[in-house]
Amino acid sequence: MFVSFGIKDAIDIVLVALLMYQTYKLMKSSGTIAIFSGVVSIIIVWILVSQVLEMKLIGAILDKIISVGFIVLVILFQDEIRRFLVALGSNRGWRFLYKLFARKSADDDSQKYIAPVVLACINLARNKTGALIVIQREVNLRTYIQTGEMFNADVNARLVENIFFKNSPLHDGALIIVDNRIKAAGCILPVAHNVVIPKEMGLRHRSGLGMSIETDAFVIIVSEERGSISVAHNGKLSIDISAEDLQRILYGEKNT
């Protein structure tokens with residue numbers, strides 16, 4: 001007896017493989033790969049028992065576990081699910097058609113903030129002045145903007161430095177940039193709790209990483225203790241980067 005295998009079956013297998021691979025990457029980056037492996041093992045056993053071996057009793061028990069387990073998984077992995085949906089919605093592949101029709105001049109204008117931000121970070125790092133700079137991309141940051149003091153100013157290196165001056169009341173919060181404008185300062189960001197980072201990294205780095213998990217924003221962190229620059233994006237933290245690397249990262253993400 002021959003089993004028919006068509007193009008739809010091949011596409012089905014490829015899509016499932018891609019979904020499993022992306023889920024694996026997400027779980028690995030969040031430190032929950034052991035739980036993911038356990039869930040996959042249960043699913044494999046359930047398929048073997050209920051579909052292949054057709055054991056009715058244990059199959060019925062596993063059916064109940066799987067149906068309830070879905071709700072449990074949503075509760076356990078709510079942060080990872082949110083991050084996956086943000087990544088899916090903001091993936092640059094979905095913006096391909098927009099970029100085909102976007103004008104080059106408009107794209108150049110969208111990068112005007114980069115030079116003053118990099119210059120400010122260089123000076124802040126040299127003086128060992130802590131800073132937390134968030135750059136909005138596709139995900140709207142209105143919720144976080146409302147937690148700080150509202151601004152509507154052009155991005156200027158000297159202004160950024162003054163905001164993070166050690167005696168400034170806005171020093172401990174985050175500065176948020178939207179469309180080449182400083183929209184708010186002294187903002188409160190979500191803190192990443194379930195992520196392992198080096199011990200020398202403090203609350204500022206955890207806040208930057210938490211923001212990069214919740215949204216698709218770029219978060220630049222300047223360390224007050226070490227005078228170094230780090231960037232958090234898509235739940236990943238690039239530590240101790242140079243000014244050239246920072247500029248390359250900001251330009252590279254815009255141009256890819």
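Rules and cut-offs
- Residues numbered from 1 in each chain as written.
- Predicted model: local features only at pLDDT ≥ 70, side-chain atom pairs only at ≥ 80, totals over all residues.
- Heavy atoms only, no water.
- Helix = DSSP H or I, 4+ residues; strand = E, 2+ residues; numbered from the N terminus.
- Contact = heavy atoms within 4.5 Å.
- Salt bridge = Lys/Arg side-chain N within 4 Å of Asp/Glu carboxyl O.
- Buried < 20%, exposed > 50% of the residue type's maximum accessible area, 1.4 Å probe, protein only.

(A) Layout of the side chain of His 171. With respect to the helices and strands, the residue His 171 is situated in the loop between helix H9 (157–163) and strand E3 (174–178). In this structure His 171 touches Thr 129, Gly 130, Ile 163, Phe 164, Phe 165, Lys 166, Arg 204 and Glu 224, once residues within four positions along its chain are discounted.

(B) Just the environment of Asn 152, in detail. Looking at the secondary structure, you find Asn 152 in strand E2 (residues 149–154). The spacing of Asn 152 and Ala 184 is 32 residues in sequence and 7.6 Å in space, taken between C-alpha atoms.

(C) Inspection of the pattern of salt bridges at higher detail. One pass over the structure, following the stated rule, counts four salt bridges. A salt bridge links Arg 204 to Glu 224; the shortest N-O distance between them is 3.9 Å. Taken together, the residues span a long stretch of sequence, with Arg 204 in helix H10 (residues 203–214) and Glu 224 in the loop between strand E5 (218–222) and strand E6 (229–233) at a distance of 20 residues. A relative accessible area of 18% means that Arg 204 is categorised as buried. Across the pair Arg 226 and Asp 240 runs a salt bridge whose closest N-O atoms are separated by 2.9 Å. Taken together, the residues span a long stretch of sequence, with Arg 226 in the loop between E5 and E6 and Asp 240 in strand E7 (residues 236–241) at a distance of 14 residues. Residue class for Asp 240 comes out partly exposed when judged on its relative accessible area of 44%.

Honestly, it's all geometry; don't read function into it.
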